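An overview of the molecular structure
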Amino acid sequence: MFQIYYMGKYRDESQLIKNQPYPEKATKFKESADLNKIMLQGMLIGSPLFLVMLIVGSYRIASIDYLWQWHFQWLTAGIVYIFLMYSLMIIHEIIHALCFPMQARKEI
């Protein structure tokens, strides 16, 4: 019904090149032919946001006036994050696929 297909782990750029026509009602984005240029463009767009978060976080940490101790909950949170990261990534991709036209084949 939804035509969602799991294609496995991403290996290289050749998996993305299939010369298939775009599905009906799909938005064609202007992007480079090389994946490295796309990553560079994303990094340049995301850098100002990352810089603001870094400055605000550094300011907030510097304003702490007590000794920050590493308790067990920090370790637990890190372990839970590592285990949830992959499953949440799959859910994230499924949400993208559900927003795509229903008749189109969606590969995750």
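Residues numbered from 1 in each chain as written. Predicted model: local features only at pLDDT ≥ 70, side-chain atom pairs only at ≥ 80, totals over all residues. Heavy atoms only, no water.

Quick word on the overall build of the protein
Check the secondary structure of the protein and you find two helices and two strands. For the protein, the succession of helices and strands along the chain, N to C, is β-α-α-β. Buried positions account for 5% of the 108 residues belonging to the protein. Here the protein has roughly 10,300 Å² of accessible surface; of this, 68% comes from carbon and sulfur atoms. (Helix = DSSP H or I, 4+ residues; strand = E, 2+ residues; numbered from the N terminus. Buried < 20%, exposed > 50% of the residue type's maximum accessible area, 1.4 Å probe, protein only. Areas by Shrake-Rupley, 256 points an atom, 1.4 Å probe, with all protein chains shown as cover.)

Section: helix 2 (residues 72-98)
The end-to-end C-alpha separation of helix 2 is 38 Å, in line with the 39 Å expected for 27 residues at 1.5 Å each. For helix 2, the principal kink sits at Met85 and spans about 40 degrees. (Expected span 1.5 Å × (residues − 1). Bend = angle between axes of the 7 residues up to and from the residue.)

Observations concerning a nonpolar patch on the surface
The grouping of Leu49, Phe50, Leu51, Met53, Leu54 and Ile55 at the surface amounts to a nonpolar patch, some 650 Å² of accessible area in total. The topology assignment puts Leu49 in helix 1 (residues 35-62). (Patch = residues over 30% accessible without salt bridge, like charges linked within 9 Å, V, L, I, M, F, W, Y side chains within 5 Å. Salt bridge = Lys/Arg side-chain N within 4 Å of Asp/Glu carboxyl O.)

Thoughts on the confidence of the model for the protein
Scored by pLDDT, the protein comes out at a mean of 78, with 78% of its residues at no less than 70. The least confident element of the protein, judged by mean pLDDT, is strand 2 (residues 106-107) at 74; the most confident is helix 1 at 88. (pLDDT = per-residue confidence, 0-100.)

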